[in-house]
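Here is how the chains run, residue by residue.
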Amino acid sequence: MEYNKLSNQQNLGGADMTKDTLEKFFQRYERFFMQSLNGEIDGDEMWELYAPEFIAASPMGVLAGKNDTDFRQALSAGYEQYREIGTKGMHVRGVGMSQIDTFHCVANVSWTASYETANKQQIDIDFDVHYLMQELNGKIRIFGWISGNEQELLKQHGVI
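All values reported here derive from a predicted model rather than from experimental measurement.

Let's talk about helix α2 (residues 19–37)
Consideration 1: End to end, α2 covers 26 Å across 19 residues, agreeing with the expected 27 Å (1.5 Å per residue, within 8%).
Consideration 2: For α2, the full list of buried residues reads Leu 22, Phe 25, Phe 26, Tyr 29, Glu 30, Phe 32, Phe 33, Ser 36 and Leu 37. Taken down its axis, α2 places every buried residue within 165° of arc, on the same side.
Consideration 3: Note on α2: the residue one or two positions beyond its end, Gly 39, has a positive phi of about 90°.

In structure tokens:
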């Protein structure tokens, strides 16, 4: 969405993004993750959680994408990969909030990922992801995220 179009809209909302609403949002996101991990990706829910366009940054670089069928296919492949490495759960441990303005914040989310290795060993890994959040027209969505090196973390813990 172009900035000029955005700035000319009326009643964009933005007043409802609080730490409490972010915690509820990420409880919903956790449910979406667990449902998707079980092979049931809800395209409508995905559309509601992510902005139409987004950015992602990690030590591997920066990616820009769209919330479309290609993204849904990439998510499906990603969840299949999670299943293959023994991912059993992903749970929010905590949500912090750094307000940017009325419409935007950074949600600092602490996660615990649970895995079962080939030899049936249970491994829990704690990590953080920083989500760029936007509220427009009463809807909170992710428009970006910044994460660490997931593959390196999985190697360090013997998951892969």
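There's plenty left to go through after this.
Brief notes about the pairing of strand β2 (residues 61–66)
Consideration 1: Pairing of strand β1 (residues 50–58) with β2, which is carried by six bridges, proceeds in the antiparallel orientation. The residue bridging Ser 58 from the neighbouring strand is Gly 61, located in β2.
Consideration 2: Counting the residues in the hairpin turn of β1 and β2 gives two residues.

Description of the packing of aromatic side chains
Consideration 1: As enumerated under the stated definition, the model contains 15 aromatic pairs in all.
Consideration 2: Seen in terms of ring centroids, Phe 25 and Phe 26 are 5.0 Å apart; in terms of plane orientation they differ by 75°. Their pairing is edge-to-face. Each member of the pair, Phe 25 together with Phe 26, is buried.
Consideration 3: A ring pair is formed by Phe 26 and Tyr 131, whose centres lie 4.8 Å apart and whose planes are at 45°; its orientation type is tilted. Within this pair, whereas Phe 26 is found in helix α2, its partner Tyr 131 is found in strand β5 (residues 122–136), the two being separated by 105 residues in sequence.
Consideration 4: Overall, Phe 26 belongs to the buried group, its relative accessible area being 0%.

Digging into the pattern of salt bridges
Consideration 1: Enumeration according to the criterion identifies nine salt bridges in this entry.
Consideration 2: A salt bridge links Lys 66 to Glu 53, with the shortest nitrogen-to-oxygen separation between them at 3.4 Å. Note that Lys 66 is positioned in strand β2 and Glu 53 in strand β1, a separation of 13 residues in sequence.
Consideration 3: Close ionic contact of Asp 126 with Arg 93 constitutes a salt bridge, the shortest N to O distance being 3.4 Å. In this pair, Asp 126 sits in strand β5 while Arg 93 sits in strand β3 (residues 87–99), placing the two residues 33 residues apart along the sequence.
Consideration 4: One salt-bridge network, held together by shared partners, links Glu 48, Lys 139 and Arg 141.

Let's talk about the sheet that holds strand β6 (residues 139–147)
Consideration 1: One open sheet accounts for six strands, arranged β2-β1-β6-β5-β4-β3; its pairing is mixed. In the strand order of this sheet, the two ends are held by β2 and β3, each with one partner. Recorded for the sheet is a direction-independent mean angle of 25° between the axes of neighbouring strands.
Consideration 2: Pairing of β3 with strand β4 (residues 104–116) involves 11 bridges; the strand directions are antiparallel. For Val 92, the partnering residue across the bridge sits in β4 and is Trp 111.
Consideration 3: Most of the contacts of α2 go to β3, to which it runs at about 160°, and overall it touches β1, β3, β4, β5 and β6.

What counts, and at which threshold
Residues take numbers from 1 onward in each chain, read along the sequence in its written order. Confidence filtering applies because this is a predicted model: local features only for residues at pLDDT of at least 70, side-chain atom pairs given and counted only at 80 or more, and all residues used for totals across whole chains, interfaces and linings. Heavy atoms throughout the structure, all of them, feed into the side-chain values; hydrogens and water do not. Only runs of H or I of at least four residues qualify as helices and only runs of E of at least two qualify as strands under DSSP, and these elements are numbered from the N terminus. Multiply 1.5 Å by the residue count of a helix minus one, and that product is the helix's expected span. Residue burial is assigned from relative accessible area. The probe radius is 1.4 Å, only protein chains are included, and a residue is buried under 20% of its type maximum, exposed over 50%, and partly exposed in between. In this description, the arc belongs to the directions extending from the helix axis to the C-beta atoms. DSSP calls a pair of strands paired once it identifies at least 2 bridges connecting them. Ring pairs shown here join Phe, Tyr and Trp side chains whose ring centres sit within 6.5 Å, with only the six-membered ring taken for Trp; geometry is labelled stacked below 30 degrees between planes, edge-to-face above 60, and tilted in between. Think of a salt bridge as a Lys or Arg side-chain nitrogen and an Asp or Glu carboxyl oxygen that are within 4 Å of each other. To get an axis, a line is fitted to the C-alpha atoms, and for a helix only the part in contact is used. The angle between two axes follows their N-to-C directions and goes from 0 to 180 degrees. Any two residues having at least one pair of non-hydrogen atoms within 4.5 Å are treated as being in contact.

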